[in-house]
Amino acid sequence: MRVTLLEDLVDPLMRRLLDGHLDAVISPWPTDMPEEAAGRLEHVVLHDVALVVVCAAEHPLAGEAVVDWKQLQSGPWILPGPTSLVRRSVDNAFLNAGLVPPTILIESQNPYTNLQLVVKGMGLSAVPDTTLGSLETSLGIRLPLAKLNVRPNSAQGKIVVH
């Protein structure tokens, strides 16, 4: 047996899986997966992933007990491109709160780069909680970030914003 790991965005990986070019994909389940395509796949939940909104420790919102999506709308935001699940989840959270998704100041696919930009005070971001956890547990790195308690919780699917 031989295993080759291929890293990419979820959409291209799912297309390759459905086209028969991959045997399996380990990723978040796309909330917008067409029923016909979903019916051809076996979906096994390995664990839940929460999306965490973060800001620099000195950001004005860092001291707030609770913030709402309206407070976050003006950003500035540092997020992956519009086809990423993180970006779609953030956009949907704003839409579900009756707001227009924010304009993105910096678009970057790499969550670790995004966190470093947040630490430098360049904006807000959202990352999977597992990304923050892996920095702390595997690498022993604790970034000077504030996790924002955002309410109402209006993200859809397995990714939950808290």
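Note on numbering: residues in each chain are counted from 1, in written sequence order. Local features in this predicted model are restricted to residues of pLDDT 70 or higher, and side-chain atom pairs are both shown and tallied only at a pLDDT of 80 or more, whereas totals for entire chains, interfaces and linings draw on every residue. The basis for every side-chain value is the complete set of heavy atoms in the structure, and neither hydrogens nor water enter the calculation.

**Q** Help me understand helix H1 (residues 10-18), please; the structure alone is not making it clear to me.
**A** Between buried and exposed lies partly exposed: a residue is buried under 20% and exposed over 50% of the maximum accessible area for its type, with that area taken using a 1.4 Å probe on protein chains only. Numbering goes from the N terminus for both helices and strands, where a helix is a DSSP run of H or I of at least four residues and a strand is a run of E of at least two. Buried within H1 we find Val10, Pro12, Leu13, Met14, Leu17 and Leu18. Any two residues whose heavy atoms approach within 4.5 Å are treated as being in contact. Each element contacted by the buried residues of H1 is listed here: helix H2 (35-38) and helix H4 (85-96). Positive phi appears at glycine 20, one or two residues downstream of H1, with a value of about 85 degrees.

**Q** Would you mind going over the packing of aromatic side chains with me for this structure?
**A** Any pair of aromatic rings gets described here by the distance separating the centres and the angle formed by the planes. Side-chain rings of Phe, Tyr and Trp (the six-membered ring for Trp) are treated as a pair once their centres are within 6.5 Å; stacked means planes under 30 degrees apart, edge-to-face means over 60, and tilted covers the remaining angles. Within this structure, the stated rule accounts for 2 aromatic pairs. For the ring pair tryptophan 69 and phenylalanine 94, a centre distance of 4.9 Å and an interplane angle of 70 degrees mean the geometry is edge-to-face. In this pair, tryptophan 69 sits in helix H3 (residues 69-72) while phenylalanine 94 sits in helix H4, placing the two residues 25 residues apart along the sequence. Neither tryptophan 69 nor phenylalanine 94 differs from the other in exposure class; each is buried.

**Q** I'm lost on the nonpolar core in this one. Help?
**A** In globular proteins that are soluble, nonpolar side chains generally tend to be buried together. Ranked by internal contacts, the top residues of the largest apolar core, which has 18 residues, are Trp69, Leu72, Trp77 and Ala126. For this core, the secondary-structure elements that each account for two or more residues are strand S1 (50-56), H3, strand S2 (77-79) and H4. Per-element accounting of this core gives the leading share, 4 residues, to H4. Residues enter a nonpolar core if they are buried and are Ala, Val, Leu, Ile, Met, Phe, Trp, Tyr or Cys, with the set joined through side-chain atoms within 4.5 Å.

**Q** Which parts of the structure should I look at to understand unusual backbone geometry?
**A** Cis geometry is found at the peptide bond from glycine 75 to proline 76, where omega equals 0 degrees. Mapped onto the secondary structure, proline 76 falls in the loop between H3 and S2.

**Q** I tried to follow the side chain of threonine 131 on my own but got confused; where do I start?
**A** As for its position among the elements, threonine 131 is in helix H6 (residues 129-137). Setting aside its immediate chain neighbours within four residues, threonine 131 contacts Pro111, Tyr112 and Leu115.

**Q** Explanation requested: the pattern of salt bridges in the structure shown.
**A** Oppositely charged side chains can form a pair if their charged atoms are brought close together. We define a salt bridge as a contact between a side-chain nitrogen of Lys or Arg and a carboxyl oxygen of Asp or Glu at a distance within 4 Å. For the structure on display, the rule yields 2 salt bridges. Between arginine 87 and aspartate 91 there is a salt bridge, with its nearest N and O atoms 3.6 Å apart. In this pair, arginine 87 and aspartate 91 are both assigned in helix H4, 4 residues apart and thus about one turn of the helix distant. Taking the shortest distance from any N to any O, the salt bridge between arginine 87 and glutamate 107 comes out at 3.4 Å. Here glutamate 107 lies in strand S3 (residues 104-107) and arginine 87 lies in helix H4, a separation of 20 residues in the sequence. Judged by relative accessible area, which is 11%, arginine 87 ranks as buried. Residues joined in a network through salt bridges with shared partners are Arg87, Asp91 and Glu107.

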